[in-house]
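Listed below are the residues making up each chain.
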Amino acid sequence: MDIRWVAQGRDLRPWAPLAVQRVRRSLGRLAWWVAAVQIRLRDLNGPRGGCDKECQLLLRSRHGQQLVLTERGTDWPRLLAQLAEALAERLGRLHERQRVRPRTRQAPRTPLAFDPTPEPWRS
């Protein structure tokens, strides 16, 4: 699995290792199924503050499926935690959808043990 990060801005570089760690931890047991992850960190209007921090994950599975998650928030730790939680949930659903399930065999219909119609020859 290849994890790359892109931080647009100098003050975002310290947050990149935390983002990689959170993503790696949230993948958990499904990490084998993921081919590559790209993490993009952006501060939309600079260091002035406000609800302008954006984190985007681009995930590509080994089977070719792609998943894009984007979150916006006010502080980086909470934003990365929300994104990691959303990633784990969506990845689980995506993997479950791709899993091949064996078809269950339906039980054959059995006739009734008691036939309520009278038999004319046994009167």
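Being a predicted model, the structure only gives us computed values, none of them experimental.

1. Brief notes about empty space enclosed by the protein
A probe matching the size of a water molecule, rolled over the atoms, marks out where space remains unfilled.
Thinking step 1. One pass over the structure, following the stated rule, counts 1 cavity of 30 Å³ or more.
Thinking step 2. Around the largest cavity, the lining residues are Ala19, Arg22, Val23, Ile39, Cys55, Leu57, Leu80, Leu83 and Ala84.
Thinking step 3. Those elements that provide at least two residues to the lining of the largest cavity are helix H1 (16-27), strand E3 (53-61) and helix H2 (76-98).

2. Quick look at the side chain of glutamine 65
Thinking step 1. By the secondary structure assignment, glutamine 65 is in the loop between E3 and strand E4 (66-73).
Thinking step 2. Setting aside residues up to four positions removed in sequence, glutamine 65 forms contacts with Trp33, Leu59, Arg60, Leu94 and Gln98.

3. Overview of the environment of valine 34
Thinking step 1. For valine 34, the location among the structural elements is in strand E2 (residues 34-43).
Thinking step 2. With 32 residues separating them in the primary sequence, valine 34 and aspartate 2 have C-alpha atoms 8.4 Å apart.
Thinking step 3. When sequence neighbours within four positions are dropped, the list of residues in contact with valine 34 reads Met1, Leu27, Leu59, Arg60, Ser61, Arg62 and Leu91.

4. Overview of the environment of alanine 31
Thinking step 1. Looking at the secondary structure, you find alanine 31 in the loop between H1 and E2.
Thinking step 2. Sequence separation between alanine 31 and serine 61 is 30 residues, and the spatial gap between their C-alpha atoms is 9.5 Å.

5. Digging into the environment of alanine 81
Thinking step 1. With respect to the helices and strands, alanine 81 occurs in helix H2.
Thinking step 2. Judged by its relative accessible area of 26%, alanine 81 is partly exposed.
Thinking step 3. Sequence separation between alanine 81 and arginine 22 is 59 residues, and the spatial gap between their C-alpha atoms is 7.2 Å.

6. Observations concerning H1
Thinking step 1. The terminal C-alpha atoms of H1, which comprises 12 residues, lie 17 Å apart, in line with the 16 Å expected from a rise of 1.5 Å per residue.
Thinking step 2. Within H1, the full set of buried residues consists of Ala16, Ala19, Val20, Val23, Ser26 and Leu27. The arc that holds every buried residue of H1, seen down its axis, measures 135°, which confines them to one face. In this structure, H1 carries Pro17 and Arg25 as exposed residues pointing more than 90 degrees from its buried face.
Thinking step 3. Tucked inside the fold, the buried residues of H1 contact strand E1 (2-8), E2, E3 and H2.
Thinking step 4. Positive backbone phi, at 55°, marks glycine 28, one or two positions downstream of H1.

How each quantity is defined
- Residues numbered from 1 in each chain as written.
- Predicted model: local features only at pLDDT ≥ 70, side-chain atom pairs only at ≥ 80, totals over all residues.
- Heavy atoms only, no water.
- 1 Å grid on protein atoms, 1.4 Å probe; cavity = no way out; pocket = protein on both sides within 12 Å on 5 of 7 lines; lining within 4 Å.
- Points joined across faces, edges and corners; volume = space filled by probe spheres on them.
- Helix = DSSP H or I, 4+ residues; strand = E, 2+ residues; numbered from the N terminus.
- Contact = heavy atoms within 4.5 Å.
- Buried < 20%, exposed > 50% of the residue type's maximum accessible area, 1.4 Å probe, protein only.
- Expected span 1.5 Å × (residues − 1).
- Arc of directions from axis to C-beta.

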